[in-house]
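What follows is each chain in one-letter form.
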Amino acid sequence: MKKTVALVLGSGAARGHAHIGVIQALEERGYDIISVSGCSIGAIIGGLFAAGKLSEYRQWAESLDRMSVVRLLDMSLLNGGYVKGDRFFEKIQSMIGEPTIESLPIAYTAVGADLLNQKEFWFQRGDLISAMRASSAIPSLISPVALNGRMYVDGGVLNPLPIIPSVPAGADYIVAVDLNGPAQIANVDLPEEDSEAPAWWQSAKGFFMKEDKDALAEKVEYSPESWGRLQTINMMFETMQESLTQYKLAGYPPDLLISVPKNISGFYEFWRTKELIEFGYDVALKAIDGLESPSAAYYSFPKGHQK
């Protein structure tokens, strides 16, 4: 009989494509995922999996190049400079249709942050696409989502690794994937210039990176000197998420914690899907080996922490 898993997928923008590799590894090793709780990109990947459309999404995501990602960024300069997200979620909707959360074959929870009431909100009923959007509205980048008189932003503001919603599933194991793990040495792969880029990108790209040709030519490794305003804001957000994650893990440690380095990719590098999936797959296989070891009661990779 297969061992069951309640899967917790954390927030981390483009790094979230590592979640796909983790899911692949769990299924290949014979685990039955009976519950998914997610935040931000974790809510999106988890929703696609719960709806049975993760393979279709993976095929599309692996086809993205840098300009494909730029074209998905439907920035509204008349609406505070936010990315609306319509193009991305129209693509998602073309894959999954308009299912409700309660119609999904497995338990699903997306976590958002309710700004007006200043608390986290669990989406466990209602429209799946709306829950995904509300959970992934990254502050300073993506437009907040208004639903039923409330205003939602990315759940990572309050709970970047939503473990508690996975507890009622009663699975054999709670497996959590943290996308804000300790940084490792990695190059920041910066977008190239392209004459096909829309006009707003040419004027707004300063928010993504510092426009210093000499500095960019050297491809500085994870260097603050190369950050733009949005990158700086995002690093502040990720620092907050990393601290919050440690509190959540201390209160509700999962049976298996898979830790993905926070600098494995830039938050906007969705064109690196294939390598991120492969990284998640490899890391998950090593972590599962640790979980299945007779001496391991709690395992985290790559930090190697046991208790």
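Scroll up for the structure.
Please read these numbers as outputs of a predicted model, since none were measured by experiment.

Student: When you look at helix α1 (residues 18-28) in this model, what are you seeing that I'm missing?
Tutor: Helical geometry note: an α-helix holds 3.6 residues per turn, so side chains three or four residues apart project in the same direction. Within α1, eight of the eleven residues are buried, leaving the element largely enclosed by the surrounding structure. Along α1, the positions that sit buried rather than exposed are Ala 18, His 19, Ile 20, Gly 21, Val 22, Ile 23, Ala 25 and Leu 26. Where α1 terminates, the next one or two residues include Gly 30, which has phi positive at roughly 90°.

Student: Would you mind going over unusual backbone geometry with me for this structure?
Tutor: Trans peptide bonds make up the majority, and among non-glycine residues the majority have a negative phi. Of note in the backbone geometry, Gln 118 takes a positive phi value of approximately 55° without being a glycine. With respect to the helices and strands, Gln 118 occurs in the loop between β5 (107-114) and β6 (119-123). On the accessibility criterion, Gln 118 (70% relative accessible area) is exposed.

Student: Explanation requested: the side chain of Ser 265 in the structure shown.
Tutor: Take Ser 265: it is sitting in the loop between β10 (256-261) and α10 (273-292). Setting aside its immediate chain neighbours within four residues, Ser 265 contacts Ala 14, Arg 15, Arg 272 and Leu 276.

Student: Which parts of the structure should I look at to understand the pairing of strand β2 (residues 32-39)?
Tutor: In summary, the side chains of a regular strand alternate between the two faces of the sheet. Among the eight residues of β2, six are classified as buried, and the element is accordingly described as predominantly covered. Relative to β2, strand β1 (residues 4-9) runs parallel, the two being bridged by six bridges. In the sheet register, Leu 7 faces β2, and the bridge partner there is Val 36. Crossover handedness for the path β1 to α1 to β2: right-handed. Two elements, β2 and β5, share five bridges in a ladder whose sense is parallel. The residue of β5 that forms the bridge with Ser 35 is Ala 107.

Student: Would you take a moment to explain the packing of aromatic side chains for this structure?
Tutor: Aromatic rings in a pair are described by how distant their centres are and how their planes are angled relative to each other. Per the counting criterion, the structure on display carries eight aromatic pairs. With a centroid separation of 5.6 Å and an interplanar angle of 55°, the aromatic rings of Tyr 57 and Trp 60 are classed as tilted. Taken as a pair, Tyr 57 and Trp 60 lie in helix α3 (residues 54-62) at a separation of three residues, close to a single helical turn. For Tyr 57, a relative accessible area of 1% translates into the label buried. Taking the relative accessible area as the measure of exposure, Trp 60 reaches 15% and is therefore buried. Members of the aromatic cluster, joined through ring pairs, are Tyr 57, Trp 60, Phe 88 and Phe 89.

Student: How should the environment of Gly 149 be read in this particular structure?
Tutor: With respect to the helices and strands, Gly 149 occurs in the loop between β7 (145-147) and β8 (150-154). The class of Gly 149 is exposed, set by a relative accessible area of 71%. A C-alpha to C-alpha distance of 9.2 Å links Gly 149 and Leu 116, two positions 33 residues apart in sequence.

Student: Sorry, what's going on with the packing of helix α2 (residues 41-50) against helix α6 (residues 128-135) here?
Tutor: Angle between the axes and distance between the axes are the two parameters that describe a pair of packed helices. Taken N-terminus to C-terminus, the directions of α2 and α6 make an angle of 160°; their axes are 8 Å apart at the nearest point. Taken together, the axes of α2 and α6 lie roughly antiparallel to each other. For the pair α2 and α6, the sense of crossing is left-handed. Here α2 contributes Ala 43, Ile 44, Gly 47 and Leu 48 to the contact with α6, which in turn contributes Leu 128, Met 132 and Ser 135. Across the contact of α2 with α6, the residue classes tally to five nonpolar, two polar and no charged.

Student: Hey, could you run me through the pattern of salt bridges in this one?
Tutor: A side chain of one charge can pair with a side chain of the opposite charge if their charged atoms are brought near each other. Within this structure, the stated rule accounts for eight salt bridges. With a closest N to O distance of 2.9 Å, Arg 29 and Asp 289 form a salt bridge. Note that Arg 29 is positioned in the loop between α1 and β2 and Asp 289 in helix α10, a separation of 260 residues in sequence. We classify Arg 29 as partly exposed; its relative accessible area is 30%. With its nearest N and O atoms 2.9 Å apart, the salt bridge here joins Arg 272 to Glu 269. Look at Arg 272 and you get buried, because its relative accessible area is 11%.

Procedures and definitions
Residues numbered from 1 in each chain as written. Predicted model: local features only at pLDDT ≥ 70, side-chain atom pairs only at ≥ 80, totals over all residues. Heavy atoms only, no water. Buried < 20%, exposed > 50% of the residue type's maximum accessible area, 1.4 Å probe, protein only. Helix = DSSP H or I, 4+ residues; strand = E, 2+ residues; numbered from the N terminus. Contact = heavy atoms within 4.5 Å. Pairing = 2+ DSSP bridges. Right-handed = clockwise from strand over helix to strand, strands pointing away. Phe/Tyr/Trp six-rings, centres within 6.5 Å; stacked < 30°, edge-to-face > 60°. Axes fitted to C-alpha atoms, helices over the stretch in contact; angles between N-to-C directions. Parallel < 35°, antiparallel > 145°, perpendicular 65-115°, else oblique. Left-handed = near helix turned anticlockwise from the far one by under 90°. Nonpolar A, V, L, I, M, F, W, Y, C, P; charged D, E, K, R; others polar. Salt bridge = Lys/Arg side-chain N within 4 Å of Asp/Glu carboxyl O.

Nothing here speaks to function; it is geometry throughout.
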